[in-house]
Amino acid sequence: MKTMAKCPNCGSSAQPKVVATEYNEDGWTIEVVRTYKCGCGQTFTGTSYYTCQECYEIVEKIENRG
């Protein structure tokens, strides 16, 4: 399952670009944390969880600094 990340600030799914990816595994679940930067300036993460039977992503806004 691959979906386009949607910016929690402006709602765009065309502008966000992946700037970093981190993988974590505990033996039962693989967690993939992607950091996105949108054209509107918002940075946010999308965390995907892959288990034996399902896959889902949680999107979290990161506060902009500076």
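Let me begin by describing the structure that accompanies this report. Computed from a prediction, not measured in an experiment: that's the story for all the values here. (Residues numbered from 1 in each chain as written. Predicted model: local features only at pLDDT ≥ 70, side-chain atom pairs only at ≥ 80, totals over all residues. Heavy atoms only, no water.)

**Observations concerning the environment of Ile62**
Mapped onto the secondary structure, Ile62 falls in strand β4 (residues 55-62). With a relative accessible area of 32%, Ile62 lands in the partly exposed category. For Ile62 and Thr43, which are 19 residues apart along the polypeptide, the C-alpha to C-alpha distance reads 5.6 Å. Excluding anything up to four places from it in sequence, Ile62 contacts Thr35, Gln42, Thr43, Phe44 and Thr45. (Helix = DSSP H or I, 4+ residues; strand = E, 2+ residues; numbered from the N terminus. Buried < 20%, exposed > 50% of the residue type's maximum accessible area, 1.4 Å probe, protein only. Contact = heavy atoms within 4.5 Å.)

**Section: the side chain of Ser48**
Of note, Ser48 is situated in strand β3 (residues 43-50). Apart from the residues lying within four places of it in its own chain, the contact partners of Ser48 are Ile30, Glu31, Val32, Arg34, Tyr56 and Glu57.

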